[in-house]
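Chain residues, written in single-letter form:
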Amino acid sequence: MKNIQTIFESFVLLGALCLALAIFPARAESTTRIINATGVSERLVRPDLAYLEMTVDARDVKLDSARREAGVRTVAVLRGLKELGIGDEAIDSGALAVQPEFSWDAKSGARRLQGYLVARTIRIRLLDLDKLGVILEYAVKSGANQIAPPRFSLQNESTLRREMLTDATRDAKQNAAAIARGLDAQLGAALRVDAVEVDRPAFPSPIMLRASAASAEDAAATEGYRPGDITLRVQIKASFVLN
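Structural notes, computed from the coordinates. (Residues numbered from 1 in each chain as written. Predicted model: local features only at pLDDT ≥ 70, side-chain atom pairs only at ≥ 80, totals over all residues. Heavy atoms only, no water.)

**Some words on the overall build of the protein**
Okay, so step 1: Helix and strand content of the protein: five helices and nine strands.
Okay, so step 2: Sequence-ordered secondary structure for the protein, helices as α and strands as β, is α-β-β-α-β-β-β-α-β-β-α-β-α-β.
Okay, so step 3: Split into buried and exposed, the 243 residues of the protein put 31% on the buried side.
Okay, so step 4: Looking at the protein alone, contacts between residues at least 24 apart form 83% of all its contacts between residues at least 6 apart. (Helix = DSSP H or I, 4+ residues; strand = E, 2+ residues; numbered from the N terminus. Buried < 20%, exposed > 50% of the residue type's maximum accessible area, 1.4 Å probe, protein only. Contact = heavy atoms within 4.5 Å.)

**Comments concerning the pattern of salt bridges**
Okay, so step 1: Inspection of the entire model under this criterion finds 11 salt bridges.
Okay, so step 2: Here Glu42 ties to Arg233 by a salt bridge, and the two come within 2.9 Å at their closest N and O atoms. Separated by 191 residues along the polypeptide, Glu42 in strand S1 (residues 34-45) and Arg233 in strand S9 (residues 230-242) bring together distant segments of the chain.
Okay, so step 3: Of the residues examined, Arg233 reaches a relative accessible area of 33% and is grouped as partly exposed.
Okay, so step 4: A salt bridge links Glu53 to Arg123, with the shortest nitrogen-to-oxygen separation between them at 3.2 Å. Of the two residues, Glu53 sits in strand S2 (residues 49-60) while Arg123 sits in strand S5 (residues 111-126), which places them 70 residues apart along the sequence.
Okay, so step 5: Since its relative accessible area comes to 38%, Arg123 is described here as partly exposed. (Salt bridge = Lys/Arg side-chain N within 4 Å of Asp/Glu carboxyl O.)

**Notes on the packing of helix H2 (residues 63-83) against helix H3 (residues 132-142)**
Okay, so step 1: The geometry of H2 relative to H3 is characterised by a closest axis approach of 9 Å and an angle of 155 degrees between their N-to-C directions. With respect to their mutual orientation, H2 and H3 come out roughly antiparallel. With respect to the hand of their crossing, H2 and H3 are arranged in right-handed fashion. Of the residues in H3, those touching H2 at Arg73, Ala76, Val77, Gly80, Leu81 and Glu83 are Ile135, Tyr138, Ala139 and Ser142. (Axes fitted to C-alpha atoms, helices over the stretch in contact; angles between N-to-C directions. Parallel < 35°, antiparallel > 145°, perpendicular 65-115°, else oblique. Left-handed = near helix turned anticlockwise from the far one by under 90°.)

**Here's the deal with the pairing of strand S4 (residues 96-104)**
Okay, so step 1: Taken together, the nine bridges between S4 and S5 define a ladder with antiparallel strand orientation. Across the sheet, the residue bridging to Val98 is Val118, located in S5.
Okay, so step 2: Counted along the chain from S4 to the antiparallel partner S5, the turn is six residues long, and its residue Gly109 has a positive phi close to 75 degrees. (Pairing = 2+ DSSP bridges.)

**Here's the deal with helix H4 (residues 157-182)**
Okay, so step 1: Compared with an ideal rise of 1.5 Å per residue, which puts 26 residues at 38 Å, H4 spans 37 Å between its outermost C-alpha atoms and is within 8% of the ideal.
Okay, so step 2: Among all positions in H4, only Glu157, Leu160, Arg161, Met164, Ala168, Ala172, Ala176, Ala177 and Ala180 are buried.
Okay, so step 3: Phi for Asp184, located one or two positions after H4, is positive at around 55 degrees. (Expected span 1.5 Å × (residues − 1).)

**Some points on the packing of aromatic side chains**
Okay, so step 1: Enumeration over the complete set of coordinates arrives at zero aromatic pairs.
Okay, so step 2: In this structure, Arg111 packs its charged tip against the face of Phe102, placed 3.9 Å from the ring centre. (Phe/Tyr/Trp six-rings, centres within 6.5 Å; stacked < 30°, edge-to-face > 60°. Lys NZ or Arg CZ within 6 Å of the ring centre and 35° of its normal.)

Structure representation (structure tokens):
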């Protein structure tokens, strides 16, 4: 019986010790003074990369005729791109898409085949933006029916953003140090640093072309396709110990 009582008392002491170890660090942690600060890095950049997407389509009551017409226009567009110095590695001519087109007879409710729409989408990765206007105008003149607004980007955007993350982190630390000096304290180690998700900036795009207004010789129109500068922004949130 005495042995059982001794074992029970040992368990009680062990439980009390574990509880103390759990409480005291929490109290010590709660007394730690913390500074929260933000850091920002901004850079003005000009896009040096453009993604183009243009579609060549043809309609005809006969599938073979529609396919042939779309093929002739596609070849003309691709030939023009090569003449302008765009290599095969930068062009994705895509696959041919065929869509039957139907009409409905209101009286009988029957569906009647009207013809076929054959389309091919050509995508281009353009590094020389000086050729942008010429390419867009020439594509319309060669037979492209639809041209989406170019999507602009940066070739080294990932590298640039990493550099900006470093700058933003330093900015956050300097801001925290300034707060600490105002409190006559010393800035301690960083407890946590988070990169704030920032929406990717929308690069300016020219207005979609209209085939009826296309003119490869229009120099003024060509100039209008050059993108302007945009501002990249990175933000950091950091927490530091205040000594």
